[in-house]
Structure formats: structure tokens, C-alpha cells
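Residues per chain, in single letters:
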Amino acid sequence: MEKLVFQDEQGVDTEFYIVEQTRMAGRNYLLVADSEGEEAECLILKDTAADEESESLYEIVEQGEELDALLAVFGELLDDVSLEK
């Protein structure tokens, strides 16, 4: 799996593995995992940067209809993976 390194406001780096990506309602979304194992913790990240920006700016999708819709989309894209809230 491809790795991404995110840096928080304090400059701390965290590595995530990209499991899948999709585009919905004009935004790019990533399903990322904290490890390559079967019991990995996953997050859905939304790219909030403007289209003309050269760097992406991600925020975690935490709850609501957007999360439910994305779980359904990623669930269909990944036949062999079980996604739970």
C-alpha cells in the first residue's frame, strides 16, 4: 500500500496507508489505515483545499450523513473489507 505522512500543527508526523480513494460531490476522499494489518484503525479524510492549490489539506470526516454515504461507497469499492463505525 502507498504511504502518506501527515504533519499536525505541532510538527508531529503520522504515517497512514492509503486503502482507497474516491471523489464525491466535487471533493476527493481517502480511506486510510494506521497499519497494514487486518484489525487496522481507519479514517476517512476529505481534501478541503481549493482546486487551484498545489497541496492538499485534509480533515477527518467524523460523523453524519457524509460519513454514512462514504462508508457505503468505500464498502462497495472494497468487496473484501468490513468497515464499521
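Described in the following lines is the structure provided in the data block.

Conventions we followed
Residues numbered from 1 in each chain as written. Predicted model: local features only at pLDDT ≥ 70, side-chain atom pairs only at ≥ 80, totals over all residues. Heavy atoms only, no water. Phe/Tyr/Trp six-rings, centres within 6.5 Å; stacked < 30°, edge-to-face > 60°. Helix = DSSP H or I, 4+ residues; strand = E, 2+ residues; numbered from the N terminus. Buried < 20%, exposed > 50% of the residue type's maximum accessible area, 1.4 Å probe, protein only. Patch = residues over 30% accessible without salt bridge, like charges linked within 9 Å, V, L, I, M, F, W, Y side chains within 5 Å. Areas by Shrake-Rupley, 256 points an atom, 1.4 Å probe, with all protein chains shown as cover. Salt bridge = Lys/Arg side-chain N within 4 Å of Asp/Glu carboxyl O. Lys, Arg positive; Asp, Glu negative; His and termini not counted. Charge placed at Lys NZ, Arg CZ, Asp CG, Glu CD. Contact = heavy atoms within 4.5 Å.

## A few points about the packing of aromatic side chains
What the rule picks out here adds up to two aromatic pairs. Centre to centre, the rings of phenylalanine 6 and phenylalanine 16 are 5.7 Å apart; their planes meet at 65°, and the pair counts as edge-to-face. Here the residue phenylalanine 6 occupies a position in strand 1 (residues 3-7), and phenylalanine 16 occupies one in strand 2 (residues 13-24), the gap between them amounting to 10 residues. Its relative accessible area of 14% is what places phenylalanine 16 among the buried residues. A ring pair is formed by phenylalanine 6 and tyrosine 58, whose centres lie 5.6 Å apart and whose planes are at 90°; its orientation type is edge-to-face. Residue phenylalanine 6 is found in strand 1, and its partner tyrosine 58 is found in strand 5 (residues 58-60); the two are separated by 52 residues along the sequence. Judged by relative accessible area, which is 27%, tyrosine 58 ranks as partly exposed. Connected via pairs of aromatic rings, a cluster forms that spans Phe6, Phe16 and Tyr58.

## A word on a negative patch on the surface
On the surface, a cluster of negative charge is contributed by Asp34, Glu38, Glu39 and Glu41. Here glutamate 38 shows up in the loop between strand 3 (27-33) and strand 4 (42-47). Residue classification places glutamate 38 among the exposed positions, given a relative accessible area of 82%.

## Some remarks on the side chain of threonine 22
Structurally, threonine 22 is set in strand 2. Since its relative accessible area comes to 18%, threonine 22 is described here as buried. Leaving out residues up to four positions away in the same chain, threonine 22 has contacts with Arg27, Asn28, Tyr29, Leu70, Val73, Phe74 and Leu77.

Just geometry here; none of it tells us what the structure is for.
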